[in-house]
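Structure at a glance
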Amino acid sequence: MAKNDLIGGSLWEQYSAKVAERMNNPRHFGELTAADAQRLGGRLVIANEGAESCGDTVRLYWIVRESDEHILAATFKSFGCGTAIASTDMMAEMCIGKTVSEATKITNLDVERALRDTADKAAVPPQKMHCSVMAYEVIKRAAALYRNVDIATLQDKDIVCECARVTLQTIEDAIRINDLHTVEEIADYTKAGAFCKSCVRPGGHEKRELYLVDILARVREEMSRESSPQPPPDAFLEQSVVKQIRAIEAALDADIRPVLARDGGGIELDDVRRAADGSLLVLVQYKGACKGCAGSVAGTLSFVQQSLQERLSPAIRVQVA
Amino acid sequence: MERIYLDNNATTLVDPAVREAMEPFYCHMYGNPNSLHSFGIEVRPYLNRAMEQLYAGIEADDEDNIIVNSCATEGNNTVILGMYFSLLKETRKKRIVTTQLEHPSIREACRFLENHGVKVTYLAPDSRGLVTAESVAEALSDQTALVSVMWANNETGLLQPMKEIAAVCRERGVYLHTDAVQAIGKVPVSVREVPVDFLTFSAHKFHGPKGVGGLYLRKGVVLPPLLHGGEQMGGHRAGTVDVAGLVGMGQAMELAVTALDYENLVVRRLRDKLEDALLRHADVLVIGERELRTPNTVYASIRGVEGEALIWDLNQAGIAASTGSACASESLEASPILTAIGADRELAHTGVRLSLSRFTTEQEIDTTIAVLDRAIVRLRQLSTSY
């Protein structure tokens, strides 16, 4: 990829002829009115999606025959770039003649395929793919309005990458099954993050709820936890609480307090309890210089936990009381 | 199709006279100016002449240095990183004051230094789009090592009050750098009139070749080189000098300075004509007062018309313009200058920048006005918001 990426800026020359043609002469732009609906014998639906402050808005007009839910006519208006206009135009065209249910199955990927000149060459460059997402969203909006239901009931759950419509589950599975280590690999396997890259990490084109870097880190951590050999039955956990407390105090004296004392700090055991997930929760309080020290909530705590885990039981989790 | 180029703040055509001046240094006088033999000897007078042209162009003193380099990005990085190694890293001077309007080569270099313990203040412009000398003065402390303010803004053409800012920096004993890339050839730039310590420029913005630029260093100012190596440029910048590039830049500078009156009269009149035509449409906002801008630039927000869609339509008619916030750009945030002058976020996506040059003709402007009128009407018909 490097050779082709070094000279950047290529955008419009990657548009298909169909995209350019529809940008110049959209076939389905304009408004539909109540009078049009009456003339055609259907119900008028007007759906808005996006905000001008985000750079893209689209309005979709449908006339739907209520007896069989067929979309008799569809037009649009758009405030957006060439890709947004061309893909909305194609989307409106694809709605015509379909039922409302069929139309909600149209995705931005279908629209992009329909705009291709040849089957194997994308109609728009990767970073423009997100401009077609609005075309997909607005159909859901129109269908929700028509059916008078919450739009959430029509949307896919947990979509991480809107451009390629990849769900959280698909990404997690791909990481696990193929043992993926980088976001580039995720893009190669799932297409997630291959287009506008907003979902790769914070700070991209638009804000997202989930980012690939975070998903990858979490799944990798889960995987390494799962792959570490199962510990033998934990004898420490079988002991009485009194014996556990004595053993923890002994461990604190031997391994931990001397270290903290060097910095003028100290630590006291507050409580010991079994957590719902089977781990043993050890609650502690800091004394002296450790109190309120920024390091004590991160570095020191993990040092304490690691020492207790090594000496007594891997099931121990240490928290500040 | 006859094309019209109105994106001169991005780059310019090489003046044919500049190209002619460069031509001999490719296949005939191709010697390395550092060579002792005749091939080296014969090119040096031409380089000396080019240096004269550069010094005269910005009214530099013979005791000052103008380091010839590859571009303004290199010049800007040389200043910011150089200040780090000469002052910020090991003295108690730990601060840089700059603005939110700067080119990425200043902004990102400053961000980089922030990772190394330098504190950077990014000043916001006022409601006219200006960073005032008072706001610079307020931001200074005895820890401030450097102030960096661009002379003219690339997006809007807005000119910053460099003279007043220079007076403040002089008085407070703080180094001042200015990125004058968009100012040279558009307005008079004199380091005698405006006593900056560092000034960067780039040949391709004033009808010179791409890949060659300059960094002015006031006499006595110490700055370690960015590129280490040979003794070229008096040890300030290693690397064999781009002979043809320097000859071209010198010629381009002389021509640009000579053409300043033309720029201020004719180019300004054409720009104003174009601007007036835009303003005949309802709901058009031009950023910055005319007198506060370079004479060649107009940046307009046209409500209901998405910027990239507009430059698409212009391009279909063979007209090259630019948009402030492309749909595919990294961030959806409005540019600071738009926010500062009170334009709302919606307008951030409706911006188009038209930048003229001394090669722009009246006929080109008339054609552009007609095409713009059609495009605005068409895109507003399509638009959800108009």
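The structure displayed is predicted, hence computed values, not measured ones. (Residues numbered from 1 in each chain as written. Chains lettered and ligands numbered in written order. Predicted model: local features only at pLDDT ≥ 70, side-chain atom pairs only at ≥ 80, totals over all residues.)

**As for the overall build of chain B**
Keep this limit in mind: Secondary structure is summarised from DSSP: a helix means a run of H or I of at least four residues, a strand means a run of E of at least two, and numbering begins at the N terminus for each. Just to be clear, the radius of gyration here is over C-alpha atoms, and the globule rule we use is 2.2 Å times residues to the power 0.38. To sort residues by burial, count the other C-beta atoms lying within 10 Å of each one's C-beta; a count of 20 or more means buried, 12 or fewer means exposed, and anything in between means partly exposed. C-beta atoms are built from the backbone. Each residue is represented by a C-beta atom placed from its backbone, and any two residues with such atoms within 7 Å are regarded as in contact.
Regarding its fold elements, chain B presents 12 helices and 12 strands. Its C-alpha radius of gyration of 21 Å places chain B within 12% of the 21 Å reference for a compact globule of 386 residues. Taken over the C-alpha atoms alone, chain B extends approximately 65 × 55 × 35 Å along its principal axes. Within chain B, the proportion of its 386 residues that are buried is 51%. Long-range contacts, defined here as pairs at least 24 residues apart, represent 75% of the contacts in chain B between residues at least 6 apart.

**Here's the deal with the overall build of chain A**
For chain A, the helix and strand inventory stands at 13 helices and eight strands. Taken over C-alpha atoms, the radius of gyration comes to 29 Å for chain A, far larger than the 20 Å a tight globule of 321 residues would show. Seen along its three principal axes, the alpha-carbon backbone of chain A occupies a region of about 85 × 50 × 35 Å. Going through the 321 residues of chain A one by one, you find that 37% of them count as buried. Within chain A, contacts between residues at least 6 apart in sequence are counted, and of these 57% link residues at least 24 apart.

**A closer look at the environment of Thr99(A)**
All names here are of chain A. As for its placement among the helices and strands, Thr99 is situated in the loop between α4 (82-95) and α5 (100-104). Here Thr99 falls in the partly exposed class, since 15 other C-beta atoms lie within 10 Å of it. Distance from Thr99 to Arg65, taken between C-alpha atoms, is 9.0 Å for residues 34 residues apart in sequence.

**Points about the packing of helix α12 (residues 241-262) of chain A against helix α13 (residues 299-311) of chain A**
Residues and elements named next belong to chain A. To keep things clear, this is the line we draw: Working convention: axes come from line fits to C-alpha atoms, limited for helices to the stretch in contact. Angles between N-to-C directions cover 0 to 180 degrees. Here is the rule for angles: anything less than 35 degrees is roughly parallel, anything more than 145 is roughly antiparallel, 65 through 115 is roughly perpendicular, and the remaining ranges are oblique. By definition, any crossing whose near helix is turned counterclockwise from its far helix by less than a right angle is left-handed, and any crossing with a clockwise turn is right-handed.
The interhelical angle for the contact between α12 and α13, taken along N-to-C directions, is 120°, at an axis separation of 10 Å. As the angle between them shows, α12 and α13 are arranged oblique. The way α12 lies across α13 gives a crossing that is right-handed. Contacts between α12 and α13 involve Ile248, Ala251, Asp255 and Ile256 on the former and, on the latter, Val304, Ser307, Leu308 and Arg311.

**Here's the deal with the confidence of the model for chain B**
Detailed reading of the predicted coordinates is not advisable wherever pLDDT falls low. The condition is simple: Across the chain, each position has a pLDDT score giving the predictor's confidence in that residue, from 0 to 100.
Averaged over chain B, the pLDDT score is 93; the fraction of residues at 70 or greater is 94%. Here the complex is predicted with pTM 0.79, and the ipTM for its interfaces comes to 0.84.

**Side note on the domain arrangement of chain B**
Residues and elements named next belong to chain B. Counted only if it meets this: Residue ranges for the domains originate in an automatic or database domain assignment. All residues other than Ala, Val, Leu, Ile, Met, Phe, Trp, Tyr, Cys, Pro, Asp, Glu, Lys and Arg, Gly among them, are scored as polar; the first ten of these are nonpolar and the last four charged.
If you check the domain split of chain B, you get domain 1 (16-258) and domain 2 (260-382). Look at where the C-alpha atoms of domain 1 and domain 2 centre, and you get two points 28 Å apart. At the junction of the two partners, domain 1 supplies 23 residues and domain 2 supplies 20 residues. Each residue belonging to the side of domain 1 that touches domain 2 can be placed in one class, and the counts come to 11 nonpolar, eight polar and four charged.

**Some words on α12(A)**
Residues and elements named next belong to chain A. The test is simple: Under the convention used throughout, the expected extent of a helix is 1.5 Å for every residue step, that is, one less than its residue count. A residue's bend is the angle separating two fitted axes: one through the seven residues that end there, the other through the seven that start there.
Helix length check: α12, at 22 residues, gives a terminal C-alpha distance of 30 Å against a target of 32 Å (1.5 Å per residue), a fit within 8%. Along its length, α12 shows its largest kink, about 50°, at Ile256, and proline Pro258 lies within four residues downstream of that point. For α12, the set of buried residues is Ile248, Ala251, Leu252, Ile256 and Leu260.

**Side note on the pairing of strand β6 (residues 175-179) of chain B**
Residues and elements named next belong to chain B. Keep this limit in mind: Note on pairing: DSSP must find at least two bridges between two strands before they are called paired. Consider the strands pointing away from the viewer: the crossover is right-handed when the path from the first strand over the helix to the second runs clockwise.
Judged by how many residues are buried, β6 sits mostly within the fold: five of five residues are covered. A two-sided burial pattern is seen for β6, the buried positions comprising Tyr175, His177 and Asp179 on one face and Leu176 and Thr178 on the other. When strand β5 (residues 144-148) meets β6, the two strands line up parallel, connected through three bridges. In the strand pairing of β6, Leu146 is matched with Tyr175. Handedness of the crossover joining β5 and β6 through helix α7 (residues 162-172): right-handed. Two elements, β6 and strand β7 (residues 198-202), share three bridges in a ladder whose sense is parallel. Looking at the pairing, Asp179 lines up with Thr200 of β7.

**Digging into the nonpolar core**
Stated formally: One nonpolar core equals one set of buried Ala, Val, Leu, Ile, Met, Phe, Trp, Tyr and Cys residues connected by C-beta atoms within 7 Å.
Grouped together as the largest cluster of nonpolar side chains are 95 residues, with contacts concentrated most on Leu60(A), Trp62(A) and Ala192(A). Here this core gets nine residues from one element, more than from any other, and that element is helix α7 (residues 133-147) of chain A. Setting aside anything within four residues of it in sequence, one finds Ala192(A) in contact with Val160(A), Cys161(A), Ala164(A), Val166(A), Ile171(A), Ile186(A), Ala187(A), Cys199(A) and Leu212(A). Formed by 77 residues, the second largest nonpolar core is a distinct cluster that contains Ala21(B), Ala60(B), Ile165(B) and Val194(B).

**What about the packing of helix α8 (residues 168-178) of chain A against helix α10 (residues 212-227) of chain A?**
All names here are of chain A. Closest axis-to-axis distance for the α8/α10 pair is 10 Å, and the angle between their directions is 50°. As summarised for this structure, α8 and α10 are arranged oblique, according to the angle between their axes. The interaxial crossing formed by α8 with α10 has right-handed handedness. Where α8 approaches α10, its residues Leu168, Ile171, Glu172, Ile175 and Arg176 are matched on the opposing element by Ile215, Leu216, Val219 and Met223. Taken together, the residues that form the contact of α8 with α10 break down as seven nonpolar, no polar and two charged.

**Some words on the domain arrangement of chain A**
In terms of domain boundaries, chain A breaks down into domain 1 (2-155), domain 2 (166-227) and domain 3 (235-320). Placing a centre on the C-alpha atoms of domain 1 of chain A and another on those of domain 3 of chain A gives a separation of 59 Å.

**Some thoughts on the pairing of strand β6 (residues 265-274) of chain A**
All names here are of chain A. Two elements, β6 and strand β7 (residues 280-288), share nine bridges in a ladder whose sense is antiparallel. Among the inter-strand pairings, Leu269 is bridged to a residue of β7, identified as Val284. Here β6 hands over to β7 after five residues, with Gly278 in that stretch at a positive phi of 95°.

**Concerning the sheet that holds β7(A)**
All names here are of chain A. Pairing in this open sheet of three strands is mixed, and the strands run β6-β7-β8 from one edge to the other. The two strands at the open ends of the sheet, each matched to only one other strand, are β6 and β8 (316-320). Strand-to-strand twist in this sheet, taken as the mean axis angle between neighbours without regard to direction, amounts to 30°. Relative to β6, α12 is tilted by about 155°, and along the sheet it contacts β6 and β7. Across the sheet, α13 touches β6, β7 and β8, and the angle it forms with β8 is around 150°.

**What to know about the environment of Thr200(B)**
Residues and elements named next belong to chain B. If you trace the backbone, Thr200 turns up in strand β7. On the basis of neighbour counts, which here come to 31 C-beta atoms within 10 Å, the residue Thr200 falls in the buried class. For the pair Thr200 and Gly185, spaced 15 residues apart in sequence, the C-alpha to C-alpha distance is 13 Å. Excluding residues that lie within four positions of it along the chain, Thr200 makes contacts with Ala72, Gly75, Asn76, Asp179, Ala180, Val181, Gly213 and Leu215.

**Examining the sheet that holds strand β2 (residues 65-69) of chain B**
All names here are of chain B. An order of β2-β8-β7-β6-β5-β3-β4 is seen for the seven strands of this open sheet, with the pairing classed as mixed. Of all strands in the sheet, those with a lone pairing partner are β2 and β4 (119-123), marking the two edges. The mean inter-strand angle of the sheet, taken between neighbouring strand axes irrespective of direction, is 20°.

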